[in-house]
Amino acid sequence: MLDFIQQTIGGIALGCVYGLIALGFVLIYKATEVVNFAQGELMMLGAFLSFTFIATLGLNYWLGFALAVVCMAVLGSTMERLVIRPILGYPQFSIVMATIGLGLVVRSLAGMLWGTDDLRIETPFTGGVFKLGGLVIAADSLSIIVATLLLCAVLYWFFRYTKIGIAMQATSQNMLAAYYMGIPVKRIFSLIWAISAMVACIAGVLLAPITLIHANIGFLGLKAFPAAVLGGFSSIPGALVGGIIIGVVETLSGFYLPEGFKDVAAYVVLLVALMVMPQGLFGSRALKKV
Amino acid sequence: MSVEATLDPSAAAPQGPGGPLLKLSNVESYYGPILAIRGISLELARGQIVTVLGANGAGKTTILKTISGVLDPEKGAVELEGRPIQRMAPDRVVRLGISHVPEGREVFPFLSVLDNLRMGAFPRTDRDAVQRDLEKVFGYFPVLKERAHQPAGQLSGGQQQMLAIGRALLARPKVLLLDEPSLGLSPLLVKEIFKIIRRLNDEEGVSMLLVEQNAHIALETAHYGYVLEVGRIVMDGTCRDLMKSDDIQEFYLGMKQDDDRGTRRWKKKKTWR
């Protein structure tokens, strides 16, 4: 039983990271109807940047973290400006291919710049554990869960109560009307990409102590994608819940089932869930659009 | 009565002595590959309501979209207070003082009524004045205040139309572009909406360009009218004159029965340029 709880908490932590990446998919999709397949690579890049700031340059963990997030925000909006905006309005295929290509480019660039070794950063939580009765929880896992909750609260506040956040909701609900209101729709798109890249960066830095940093952690995006679909693809809570479900299922099947199940678990869950609820968990009642 | 005088006392004095507030000269716009309006010239004087009448597909909406910057004209000029605004980004046009109430309302369905209205004031930074204008809009449309916290998608068609107009007013426009405010509403509601439109013009001095299929109510409401047919202006005049015109009575007001329906033509020589 103790094992089960411990594994579940680990799964939730992993799922939070999936959820954050899925959140990036959903934010961009809702606002611009573009599926950004480079989301996982954005996360990887964020992790590498934080490695450079923290391990190579020797900055304080929090300072390096913040710097990486800011850099990724700039990078995200630059990508939107240079790669996506020129082809916005053309068929989905071109945009999807552009984002896949973008991901490949980012991945190989990262390989060239940071090499192919596994990198690690020291976090204030490294090695720390919380003991609760017989339960032992790694501080790393706990930090991910807490950070995800905080981030969600901030995002909720931003989209619900700030003028620019409401304008983003408005743009995603009716782009033409947003133009008529004098909302600078194109700048809003850049901002959405910036926010998605920031969220991805945070996910990457949080994940770093668990999986180490290497050019292939971008592939986690492929596990976050079913999380987004599971949540209905247009719902922010859906993305997080989907992420957590997939994280927990993956961890538990890695622990209890024979080897190999771990990697397909996400897709098995997705297939079963979509057979029962084709619209995704939150798809039909996605009344609160962001 | 000028718009600035009532809505925004701090704004700059109107420029150009007596020039038209909004002027289109020889505007041509394509809608995709189709030339939707050709050689459109029209003027809107300060404090007036000018209407553009025309059947479905005549190009009425295209004119408004060209003015608000959603479509770029191929040729011609759009001037606001003598300043060319064609090919400007839509958000800049709004900041210069043109608000568009689009066809079919286009409210933000999942935002509350209040947030919808606040989005109308998006370019503005004067919070106190926005709050005052909000109260003013609630004065004209009390039902919006009652339902301020409901999602706009739950409003009825008429209420959504009121919301769309109120939302546009919150930008404190010099010119309000109204695209078929009567669309899909019951006759009673149409009357109510147009009564408020007239009041806004009388009391607040909002200048309006009104595009309508419902010629009857449009001619009753506006001061001056243009008639649009397949992308061209074929007739213009004061609404009083237009109402008396045979062609208008026949084709737009349905007051005369036509014997030979197969040969519907304008009796006068078309006056297009």
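The structure presented is a predicted model; accordingly, all values stated were derived computationally and were not measured.

The subject of this paragraph is the side chain of Glu250(A). Checked against the element boundaries, Glu250(A) lands in helix 10 (residues 236–256). Residue contacts for Glu250(A): discarding those within four places in its chain leaves Leu14(A), Tyr18(A), Lys223(A), Lys262(A) and Ala265(A).

Positive phi values are uncommon outside glycine, yet Glu33(A) reaches one of about 55 degrees. Mapped onto the elements of the fold, Glu33(A) is located in the loop between helix 1 (2–32) and helix 2 (39–56). A relative accessible area of 52% means that Glu33(A) is categorised as exposed. The phi torsion at Glu106(B) lies on the positive side, around 55 degrees, for a residue other than glycine. Examined against the element boundaries, Glu106(B) turns out to sit in the loop between strand 6 (98–101) and helix 4 (113–120). Accessibility expressed as a relative area gives 26% for Glu106(B), which makes it partly exposed.

Take helix 2 of chain A next. All names here are of chain A. Between the first and last C-alpha of helix 2 there are 25 Å, a value that for 18 residues agrees with the 26 Å anticipated at 1.5 Å per step. In terms of residue burial, helix 2 counts as a mostly covered element, since 15 of its 18 residues are buried. One or two steps after helix 2, the chain reaches Gly58, where phi turns positive at roughly 70 degrees.

All names here are of chain B. With mixed pairing, six strands are arranged side by side in an open sheet as 6-7-8-3-9-10. Taken across any chain shown, the strands that pair with only one partner, and hence form the sheet edges, are strand 6 and strand 10 (232–238). Adjacent strand axes in the sheet meet at a mean angle of 15 degrees when their direction is disregarded. Two strands pair when backbone bridges link them, and strand 6 and strand 7 (residues 175–179) are joined in this way by four bridges, in the parallel orientation. For Val101, the partnering residue across the bridge sits in strand 7 and is Leu178. Strand contacts of helix 2 (residues 60–68): strand 3 (49–54), strand 6, strand 7, strand 8 (207–212) and strand 9 (224–229), with the helix running at about 150 degrees to strand 7, the strand carrying the most contacts. In this fold helix 8 (residues 187–204) packs onto strand 3, strand 7 and strand 8, with an angle of close to 155 degrees to the strand it touches most, strand 8.

Core analysis: the biggest nonpolar cluster contains 98 residues, and Met43(A), Ile183(A), Ile213(A) and Met119(B) have the highest contact counts within it. It is helix 8 (residues 185–211) of chain A that provides the largest number of residues to this core, a total of 16 residues. Beyond its immediate stretch of four places on either side in the chain, Ile213(A) contacts Ala47(A), Phe48(A), Phe51(A), Asp117(A), Asp118(A), Leu119(A), Ile121(A) and Ala208(A). Of all hydrophobic cores here, the second largest spans 52 residues; its members include Ile49(B), Leu155(B), Leu176(B) and Val190(B).

Rules used throughout
- Note on numbering: residues in each chain are counted from 1, in written sequence order.
- Here every chain gets a letter starting at A, and every ligand a number starting at 1, in the order they are written.
- Residues qualify for local features only when their pLDDT is at least 70, as the model is predicted, and side-chain atom pairs are given and counted only at 80 or more; totals for whole chains, interfaces and linings, by contrast, use all residues.
- In computing side-chain properties, one takes all heavy atoms of the structure into account and sets aside hydrogens as well as water.
- In this text, helices come from DSSP runs of H or I with a minimum length of four residues, and strands from runs of E with a minimum of two, each type numbered from the N-terminal end.
- Two residues qualify as a contact provided that any one of their heavy atoms is within 4.5 Å of a heavy atom in the partner residue.
- Exposure classes here rest on a 1.4 Å probe applied to the protein chains alone. A residue is buried below 20% of its type maximum, exposed above 50%, and partly exposed in between.
- Expected span of a helix: the number of residues minus one, times 1.5 Å.
- For two strands to be treated as a pair, DSSP must find no fewer than two bridges joining them.
- Here an axis means a line fitted to C-alpha atoms, over the contact stretch when the element is a helix, while the angle between two N-to-C directions is reported on a 0 to 180 degree scale.
- Only buried Ala, Val, Leu, Ile, Met, Phe, Trp, Tyr and Cys residues count toward a nonpolar core, and they belong to the same one when joined by side-chain atoms within 4.5 Å.

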